[in-house]
Amino acid sequence: MSDTVLHVRPSPARAWIAVIALGISAFSIVTSELAPVGMLSMLAKDLQQTESGTGLVVTAYGWVGALAALLSGAIPARISRKALLVVLMLILALSCMAATQSHSLNAFMSARMAGALAHGAFWALIGTVAVQLVPIEKLGLATSIIFGGVSAASVLGVPLSSFIADIAGWRNAFMTISLLALATACVLFWTLPTLAASQPLKLQVYCGIIKNPLLLSLYVATACIISAHFAAFTYLEPLLTQAQAVPAASISALLLTLGLAGLVGNVIAGKLIDRHIKGLIFIALLMSAGALGLLGLGSAAPLPFWCTALLLGVWGAGISIVFVGLQTWLLRSAGEAAQPASAIYVAIFNAAIGTGALAGGRVIAAAGLQGMVLLAAVVIIGSMVLVLRLKKPEA
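Residues numbered from 1 in each chain as written. Predicted model: local features only at pLDDT ≥ 70, side-chain atom pairs only at ≥ 80, totals over all residues. Heavy atoms only, no water.

Asker: Can you help me understand the environment of Ser-151 in this one?
Answerer: Relative to the elements of secondary structure, Ser-151 occurs in helix H7 (residues 139-168). Taking relative accessible area as the criterion, Ser-151 reaches 22% and is therefore assigned partly exposed. With 111 residues separating them in the primary sequence, Ser-151 and Gly-262 have C-alpha atoms 7.9 Å apart. Non-local contacts of Ser-151, meaning those with residues more than four positions away in its chain, are made with Leu-263 and Asn-266. (Helix = DSSP H or I, 4+ residues; strand = E, 2+ residues; numbered from the N terminus. Buried < 20%, exposed > 50% of the residue type's maximum accessible area, 1.4 Å probe, protein only. Contact = heavy atoms within 4.5 Å.)

Asker: Mind showing me how you'd approach the nonpolar core here?
Answerer: Soluble, globular proteins show a tendency: their nonpolar side chains are buried together. Within the largest apolar cluster, 119 residues are counted, with the highest numbers of intra-cluster contacts made by Phe-122, Leu-236 and Trp-315. In terms of residue count, the dominant contributor to this core is helix H14 (residues 338-389) (19 residues). Here Trp-315 is in contact with His-229, Ala-232, Phe-233, Leu-236, Leu-258, Ser-288, Ala-291, Leu-292 and Leu-295, once residues within four sequence places are set aside. (Core = buried A, V, L, I, M, F, W, Y, C linked by side-chain atoms within 4.5 Å.)

Asker: Sorry if this is basic, but what is going on with the packing of helix H11 (residues 236-243) against helix H12 (residues 251-297) here?
Answerer: The packing of two helices is summarised by the inter-axis angle and the distance between the axes. Running from N to C, H11 and H12 point in directions that differ by 125 degrees, and their axes come no closer than 11 Å. The angle between H11 and H12 falls in the class oblique. Where H11 crosses over H12, the two elements pack in a sense that is right-handed. Where H11 abuts H12, its residues Leu-236, Glu-237, Leu-240 and Thr-241 lie against Ile-251, Leu-254, Leu-255 and Leu-258. (Axes fitted to C-alpha atoms, helices over the stretch in contact; angles between N-to-C directions. Parallel < 35°, antiparallel > 145°, perpendicular 65-115°, else oblique. Left-handed = near helix turned anticlockwise from the far one by under 90°.)

Asker: It is not clear to me how unusual backbone geometry should be interpreted in this structure. Could you clarify?
Answerer: Most of the time, phi is negative for any residue but glycine, and the peptide bond is trans. One non-glycine residue, Gln-48, lies in the positive phi region at around 60 degrees. Following the sequence through the fold, Gln-48 ends up in the loop between helix H2 (40-46) and helix H3 (51-54). Under the relative-accessibility criterion, Gln-48 is labelled exposed at 72%. Unusually for a residue other than glycine, Ala-245 sits at a positive phi of about 55 degrees. Take Ala-245: it is sitting in the loop between H11 and H12.

Asker: Mind showing me how you'd approach the packing of aromatic side chains here?
Answerer: Given two aromatic rings, one states the distance between the centres and the angle between the planes to describe the pair. For the structure shown, the criterion picks out eight aromatic pairs. Each ring, one from Phe-108 and one from Trp-170, has its centre 5.4 Å from the other, and the planes form 90 degrees; the classification is edge-to-face. Here the residue Phe-108 occupies a position in helix H6 (residues 105-126), and Trp-170 occupies one in helix H8 (residues 170-191), the gap between them amounting to 62 residues. In this structure, Phe-108 and Trp-170 share a single accessibility class: buried. (Phe/Tyr/Trp six-rings, centres within 6.5 Å; stacked < 30°, edge-to-face > 60°.)

Asker: Explanation requested: a nonpolar patch on the surface in the structure shown.
Answerer: Side chains of Leu-156, Leu-256, Leu-260 and Leu-263 sit close together on the surface and give an oily, nonpolar patch of about 320 Å² of accessible area. For the nonpolar patch, the element with the most residues is H12, which contributes three residues. Here Leu-260 lies in helix H12. (Patch = residues over 30% accessible without salt bridge, like charges linked within 9 Å, V, L, I, M, F, W, Y side chains within 5 Å. Areas by Shrake-Rupley, 256 points an atom, 1.4 Å probe, with all protein chains shown as cover. Salt bridge = Lys/Arg side-chain N within 4 Å of Asp/Glu carboxyl O.)

By themselves, these are just geometric observations and shouldn't be taken as functional.
Written as C-alpha cells, this is what we have:
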C-alpha cells in the first residue's frame, strides 16, 4: 500500500511513544556504528588482526553508509515509509546478531555492512517523520528527542558498549545492541501511523548544490575536519592503553568523560551559535587541535590520568561544537535546498568517518600512534583557514 498521504494523525500518547522509539532507534544506530571504537584491541585480538586492520571495519561502514544515504533519496514514494523504518531497524538487529557469530574479519565486516546500509537509509528518511507525528508547536521537542538519541549514543552508547565488552565480551555488547534494535522495531510497527513520502530527488538538484561555492567550501571543510577527528577517535582505545598506559578498566570512564564533554559542547553551541557561529567554530577547532596535539606529544611519556581526562574533555566539547556549528551553517546557507544539501552533508560526514579510520590506520603503520594523532591535529588546524574564508550565514 502506498503511504504518500498522511490520513490520520495518531493519538497523542501513541505519537509520543513513536517519537521516543525513533530516538532510541537513533541511539541504537549510532551506538552500533561507533561501538568498535571502545573495543578495538579486543576485536583485533579475537579476529587475529592488527588494530589498524580492524579499523577498516569503521572505514567500510562509513563509506557504505554514505552511499546508502545518497541513494535513499531515490526511493520511490509508493514504498511505505513506515515499513521501511521498521525493516531498517530489523536489518540493524540482524546485522549486530550476525556480528556476534563472526570469527574472521571478513565475516565480521560483511555483517557490519548490512547495518551500514540501514544506517545511511535511516538518516535519509528520518528528517521528515517528526512533523507528521506531532502538532507543529511541539515539533522542536519531537525533533530534539529523535536526534537526542545521537547525543545520547556519544555520551552513553560508546562507553556502555565498551563496559559490556569488558565484563562480558564484545559479542555480548553487539547482542545487546541487536536486542535494543529489535525492540524498537516492534514499537515502531505498533505506533507509527501512515507516513507521507517525499518526492525522489533528481540528479540536477544535487548538481546545483555542488556548484554553490559556499556549500562546496562547507563540504570540503567538513570532510577535512571529520576525517581528522575520526583518524584519531577510531584508535582512541589503543592510544590510551598503549601510548598513555591507561588501564583497560578505565577506558569506559574516559569515553564517558569525552561524551559528557560533548554534551556540554552541545549546550554551549545552542546558547551561542546564533550570534557567534564563525568565531565559536574557530575557537572550538583550536580547542580540538590543541587537545589532540598535547595527547600526541604526551605519547612520548604517559600523561597523568587527570590530564588525559582533561584533554579528552576539551577535545569532546570542541568537536561537538564544530559538529553543531557546521550543520547549522549549512542549513542556513542552503535555503530552500536544505533537505538535499543536508543529505549530501550526511553522506560526506559518513564517508569522512570511513576515510579518517582508513587514513589513521595507514599513518599508525608508518609513523605510530603519536604521529597519527599529531597529523590529525595539523589537519584540523589547516581546516581553520577554510572556516575563516567562509561567508558568515545570515541569522
